[in-house]
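Structure at a glance
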Amino acid sequence: RKEVEQDPGPFNVPEGATVAFNCTYSNSASQSFFWYRQDCRKEPKLLMSVYSSGNEDGRFTAQLNRASQYISLLIRDSKLSDSATYLCVVNGVGTYKYIFGTGTRLKVLA
Amino acid sequence: GAGVSQSPSNKVTEKGKDVELRCDPISGHTALYWYRQSLGQGLEFLIYFQGNSAPDKSGLPSDRFSAERTGGSVSTLTIQRTQQEDSAVYLCASSFNANTGELFFGEGSRLTVL
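Report follows, based on the coordinates.

What counts, and where the lines are drawn
Residues numbered from 1 in each chain as written. Chains lettered and ligands numbered in written order. Predicted model: local features only at pLDDT ≥ 70, side-chain atom pairs only at ≥ 80, totals over all residues. Heavy atoms only, no water. Helix = DSSP H or I, 4+ residues; strand = E, 2+ residues; numbered from the N terminus. Rg over C-alpha atoms; globule rule 2.2 N^0.38 Å. Buried < 20%, exposed > 50% of the residue type's maximum accessible area, 1.4 Å probe, protein only. Contact = heavy atoms within 4.5 Å. Areas by Shrake-Rupley, 256 points an atom, 1.4 Å probe, with all protein chains shown as cover. Core = buried A, V, L, I, M, F, W, Y, C linked by side-chain atoms within 4.5 Å. Buried area = accessible area lost by both parts, 1.4 Å probe. Salt bridge = Lys/Arg side-chain N within 4 Å of Asp/Glu carboxyl O. Polar contact = N/O pair within 3.5 Å; in protein donor to acceptor, adjacent residues only side chain to side chain. Nonpolar A, V, L, I, M, F, W, Y, C, P; charged D, E, K, R; others polar. Disulfide = S-S within 2.5 Å.

A separate point is the overall build of chain A. When helices and strands are tallied, chain A shows zero helices and 11 strands. Along chain A, from the amino end to the carboxyl end, the secondary structure elements read β-β-β-β-β-β-β-β-β-β-β. In terms of overall dimensions, chain A is globule-like: its C-alpha atoms have a radius of gyration of 13 Å, near the 13 Å expected for 110 residues. Counting across all 110 residues of chain A, residues that qualify as buried make up 46%. For chain A, long-range pairs separated by at least 24 residues make up 56% of all intrachain contacts whose partners lie at least 6 apart in sequence. Roughly 5,500 Å² of accessible area belongs to chain A as shown, and the carbon and sulfur atoms make up 47% of that amount.

Of all hydrophobic cores here, the largest spans 24 residues; its most connected members are A:Phe21, A:Trp35, A:Ile71, A:Leu73, A:Ile75, A:Tyr86 and A:Leu106. Mapped onto this core, the elements with two or more residues apiece are β3 (19–25), β4 (33–38), β5 (45–50), β7 (60–65), β8 (70–75), β9 (84–91) and β11 (104–109) of chain A. Those residues in contact with A:Tyr86 that lie beyond four places of it in its chain are A:Gln6, A:Phe21, A:Trp35, A:Tyr36, A:Arg37, A:Leu47, A:Phe60, A:Leu73, A:Ile75, A:Gly103, A:Thr104 and A:Leu106. Residues B:Ile26, B:Leu32, B:Ile47 and B:Cys92 belong to the second largest nonpolar core, which totals 20 residues.

Here we take up the interface of chain B and chain A. The partner chain A presents 15 residues to the 20 residues of chain B that form the contact. Both sides together, the interface formed by chain B and chain A hides about 1,500 Å², and carbon and sulfur atoms give 57% of it. Together, B:Leu43, B:Gly101 and B:Phe105 form the three largest contributors to the area buried by chain B at its contact with chain A, with a combined 28%. Linking chain B to chain A there are zero salt bridges. Scanning the region where chain B abuts chain A turns up eight residue pairs in polar contact (both at pLDDT 80 or more). For the side of chain B that touches chain A, the elements supplying multiple residues, two or more each, are β4 (31–37) and β5 (43–50) of chain B. A breakdown of the residues in the side of chain B that touches chain A according to their chemical character gives nine nonpolar, seven polar and four charged.

On to the pattern of salt bridges. In total, this model carries seven salt bridges over all chains according to the counting rule given. A salt bridge links A:Lys79 to A:Asp77, with the shortest nitrogen-to-oxygen separation between them at 2.9 Å. A residue is classified by how much of its surface remains accessible, and A:Lys79, at 32% relative accessible area, is partly exposed. A relative accessible area of 36% means that A:Asp77 is categorised as partly exposed. With its nearest N and O atoms 2.7 Å apart, the salt bridge here joins B:Arg36 to B:Glu44. The exposure class of B:Arg36 is buried, given its relative accessible area of 12%.

Moving on, we come to the state of the cysteines. Working definition of a disulfide: a covalent bond connecting the sulfur atoms of two cysteines. In the structure shown here, the tally under the stated rule is two disulfides over all chains. A disulfide bridge connects A:Cys23 with A:Cys88, and the sulfur atoms are separated by 1.9 Å. Between A:Cys23 and A:Cys88, the S-S torsion sits near -70 degrees, and that sign places the bridge as left-handed. In this pair, A:Cys23 is assigned in strand β3 and A:Cys88 in strand β9, connecting sequence segments 65 residues apart. Of the residues examined, A:Cys23 reaches a relative accessible area of 0% and is grouped as buried. Here B:Cys23 connects covalently by a disulfide to B:Cys92, the sulfurs 1.8 Å from one another. An S-S torsion of about -65 degrees defines the bridge between B:Cys23 and B:Cys92 as left-handed. Of this pair, B:Cys23 sits in strand β3 (residues 19–24) while B:Cys92 sits in strand β8 (residues 88–95), and the two are 69 residues apart along the sequence. The class of B:Cys23 is buried, set by a relative accessible area of 0%.

What follows covers unusual backbone geometry. Residue A:Pro10 is bonded to the preceding A:Gly9 through a cis peptide linkage, with omega at 10 degrees. Along the chain, A:Pro10 turns up in the loop between β1 (4–6) and β2 (11–14). The omega torsion across B:Ser7 and B:Pro8 is -10 degrees, close enough to zero to call that bond cis. Turning to its location among the elements, B:Pro8 is positioned in the loop between β1 (5–7) and β2 (10–13). At A:Asp77, a position not held by glycine, the phi torsion is positive, near 50 degrees. Within the secondary structure, A:Asp77 is located in the loop between β8 and β9. A positive phi angle, close to 45 degrees, is found at B:Arg81, a residue other than glycine. Relative to the helices and strands, B:Arg81 is located in the loop between β7 (75–79) and β8. Since its relative accessible area comes to 42%, B:Arg81 is described here as partly exposed.

Purely spatial values, then, with no claim about function.
And the structure:
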């Protein structure tokens, strides 16, 4: 089993839609969780950290479910500019080795 | 510039040759990471450096790969006797402190092994 798994998509959604991605991780002792965004042929950039209590940043909401070992990202009111690949990131246990998922591709359609 | 700088941006080499990829992190960042990304794939962790601690080399795929970080700043990733499966984009990232999880990536070095 991969350490971090994501549905590769693509998710094709109309503008204004709400879309959610999940990511599962294998090691129950992982402590740090993040979502990164990667535009086509560009480097990844941090979108948001994921906190135990869940957190929101504008149209983006991230949640952590430790019992089921998954994190989620919800995007409300999708914009064309949200089209990108979203990467789930989890730290290796006891280290700051950050493991990236293979990413979920989102395409927002006009 | 203020960001992570990588060179070369593109490198084409012949199978069996050695290559060196360079990363210049953001000034003051104590952590430095190397990843590689094959076409259409996710990021594969290779190695990370944090301050003066011993590097975590657990992601290096074979003994043909090595990396060093001199003076806590610039890092070089060396691939010896390159193989076609080494073709990928090699991404370097730095972080003010590894525990923040905020990695700032360079634009990558695209390696093509013929």
